[in-house]
Every structure is written in structure tokens, then in C-alpha cells.
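# A look at the structure
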Amino acid sequence: MPECPELHLAGRFINEACGALVFAGAVERSAVGRGPEVPFRSEAYSISALARGKELRLTLSALDPAAGPPAQDLVFRFGMSGSFRLCPAAELPRHAHLRFLTRESPPRALCFVDPRRFGSWRLGDAWQPERGPCVVSEYQAFRENVLKNLDDRAFDKPICEALLNQKYFNGIGNYLRAEILFRLKIPPFEKARTVLEALEEQEQRKKDPSLMLSKKVKLRQENPDLLELCHTVPMEVIMAEKQLFDPEHSDNYAAFKNWLQCYLVPGMSSLRDRSGRTIWFQGEPGPMAPKGQRPRKTPHKKSPQLKAEPEAPSPKVTPRALKRRRRVAGNPPKSEEKEEEKEEEADGPRKGRARGRRKVTAAPALPEVPPNVRRSRRTSARRGKGAAPAV
């Protein structure tokens, strides 16, 4: 789902692509958009954007403030699939739930596109009050907010769960927490307070007045701590915009996958945290790992040059086994989409939640029951012995 870097890049895209454009008319909303109607209409207005953590604010400003309406602010959350696109008004993409039309001819439209409809917007300029300072744009305030509140019960949890708490880590999501912990070799299920209290001593050492400024800078560069990486890792994505993110070609995922070192990377282990979200890591999970779970390895892709193994002969299948297979096929395991829904719910309460479409998974083909099994079934029925013995 979109995290802090993606929202900052979306804000940069809007400011660069729409900075010289003049918009006109009313704001159009789809019938199923998860946000209110926007009561703004102007014959000529501009659009600017500002991102903060996992939120983005648009400001609609009339070019003639004296004759036009007062400025209107909208604050967006992107959910699992939200993004902004600029396209011809005659070729609107599917799921364009909010549209701002330009005054040029033919007109273009800046669209808020959200296929899964977990994103939303609200009127006004206020950020969500329960969100802390942004890890990218308000780094010093973010750092102080964490270190002065280490007695909060939020830090009794494992560090991987605490990193998703937007009250303290506004902008960090699932892929960023995996990358940050992996680089520091911190077990994801180490207690958050244990990890963060160690930073206070480092903080005092880096502020030692006897150290020259160059030495302090070198210490920070060579030994970044967890809070510093909460800032620098998202900045890597933002700075590498052309390679990792392109709003016009958001399906180009190859460069981003190459940048990842841990998240979804083959050979890494994974566990579900207590909120049901998957954390990827390397090595031991830590002392607070959920009991009853065993880490799963992300499989390596098979080389296309390897020869396929010869097919093994189909085993005999009993009627009882057939019923079991049909039951399993009809109840597939939960998908990653359900996991992402839980992550979206963690960001804050939602009303009027749209029901997500389930992916239909084709049931595996069942081998035909051999005639001798059918005969034994009839014989067993006549004798009153029930089903044939399991193979």
C-alpha cells in the first residue's frame, strides 16, 4: 500500500505537473467515491499539494481571490491503491473517484484513482490529530516525539508492531519497517522499548561537546540508529524517483523490487504479527515472536533452465479424500489482500467500508476415481462397513 515516500512523490508530481495549469468548473465526484462532495466551483483556479506522513493535502485556490470563492482544502488518505493521474478528460481511467478539470481545450483531468476504494478524502486543512510528526518532512519533531514518550504502553509491543503506530511513526508502513529493521539487524520481535532506550545513550555520545563537528557527522553516517533510518530509508525512495516511481507508469515495479533488500525478497523469513500483518526478516525473530508460528522462507524462483521432474503416478483416491479436497478447494486460505485491509484499518477508523471483491481461485483438477475403488465402495456399502480404507 502507499506509504510516506509514495505520498510525497504524489505531492511532487501534482505540484510539477499542475503548477502551470488553470482548472475551471466544479469538482466531479463518482457515485461510489469514499468522500464527500466538494462544494467548490471557480472559473479559474490552481491546485497545489503538500504531503505529511500517510496523508496528502490539496489546496484549490481561485486565481482572482476577490471574485472567486475562498480557498478549499482537501486531505486525502490513499488506502491500499490510491494515486493521482493527469489524463485527457475524454479518456478517464477506471475508478477515477474525484476529478478536477482544466480550462484548456480539449480539457484534461487530475484524477484521484483508487481501484480498491479504501482511500478517502475529507474537507478542511486539518491533519488527523492522532498522527505524529512526519518521518520525512518533520524529522527532528518526529525524533523528539518518540524519545520523550518511551514510557507509553505502545512501546511494550515488539518493535515491528510499534513501527506501524502512526502516533509515533507517521508514514512508516509494512515494506519500510522490514527494510529498516533488516539494515540494522534488529530482530522484529524485540521489545520496542529495549531497542529505543539504547538510542538515548547514543544520543548523548553524539552530542558530546568535546567532539568536533566533522567527528559527529562521521559518527551519524557510520552508525545510523533506527530513528535516523526511519527518515533516510524513505528518502532513498523519494530521491530515486525516476527509477523507483513514475506516476504515469505506476505499473513499472521492476526498479522498486530491485531496490528492496528484505521485503518479499527470496530467502527471507516471514511471520505474522499480532495484528495479522506479515513481517519479513533475516535470522532470529526475537523473544516476543508469536507462539505457535514457525517462520516461513520466501521461496527462490526456479530457474527456467532446470529440467522438469517426471510426473509421479497418480495415487488411488478414496471417496473420503475426494470430499476433503473439495472442501479445501471451496475454502482457500486468506490472501495478502486481507492482510492489507488490516494494515489500512490500523491507520484509523473508516465508515461505509466497501466490500472487497474476493479473488476466485480455480479449484485444482481432481484425478478420476479408478474403477476398483468404485467397486470397493459399493461392496463396503453392501456390507455396511462405511467408506473404503484410506490409502
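In this report, the structure presented in the accompanying data block is examined. (Residues numbered from 1 in each chain as written. Predicted model: local features only at pLDDT ≥ 70, side-chain atom pairs only at ≥ 80, totals over all residues. Heavy atoms only, no water.)

Moving on to the overall build of the chain. Helices and strands together make up the secondary structure of the chain, namely twelve helices and twelve strands. Going through the 391 residues of the chain one by one, you find that 45% of them count as buried. Pairs at least 24 apart in sequence give 68% of the contacts found in the chain among residues at least 6 apart. By element, 52% of the accessible surface of the chain is carried by carbon and sulfur atoms, the whole surface being about 22600 Å². (Helix = DSSP H or I, 4+ residues; strand = E, 2+ residues; numbered from the N terminus. Buried < 20%, exposed > 50% of the residue type's maximum accessible area, 1.4 Å probe, protein only. Contact = heavy atoms within 4.5 Å. Areas by Shrake-Rupley, 256 points an atom, 1.4 Å probe, with all protein chains shown as cover.)

This part takes up the sheet that holds strand E10 (residues 269-272). Sheet architecture is open: three strands sit in the order E11-E10-E12, paired in antiparallel fashion. Each edge of the sheet is formed by a strand with only one pairing partner; in this case those strands are strand E11 (278-281) and strand E12 (296-297). (Pairing = 2+ DSSP bridges.)

A few words now on the packing of aromatic side chains. In total, this model carries 17 aromatic pairs according to the counting rule given. Summarising the aromatic geometry, the rings of Phe40 and Tyr45 are spaced 5.0 Å apart at their centres and angled 80 degrees between planes, so their arrangement reads as edge-to-face. Judged by centre distance (5.1 Å) and plane angle (75 degrees), the rings of Phe76 and Phe84 are edge-to-face. Exposure remark for Phe84: the relative accessible area of 3% places this residue in the buried category. Grouping aromatic residues by their ring pairs yields a cluster made of Phe76, Phe78, Phe84, Phe112 and Trp121. (Phe/Tyr/Trp six-rings, centres within 6.5 Å; stacked < 30°, edge-to-face > 60°.)

We now examine the packing of helix H1 (residues 4-18) against helix H7 (residues 226-239). Where H1 contacts H7, the axes come no closer than 9 Å and their chain directions differ by 40 degrees. Helix-helix and strand crossings are classified by hand; for H1 and H7 the assignment is right-handed. Together, Pro5, Glu6, His8, Leu9 and Arg12 of H1 and Pro234, Val237 and Ile238 of H7 make up the contact between the two elements. Partitioning the contact of H1 with H7 into residue classes produces five nonpolar, one polar and two charged. (Axes fitted to C-alpha atoms, helices over the stretch in contact; angles between N-to-C directions. Left-handed = near helix turned anticlockwise from the far one by under 90°. Nonpolar A, V, L, I, M, F, W, Y, C, P; charged D, E, K, R; others polar.)

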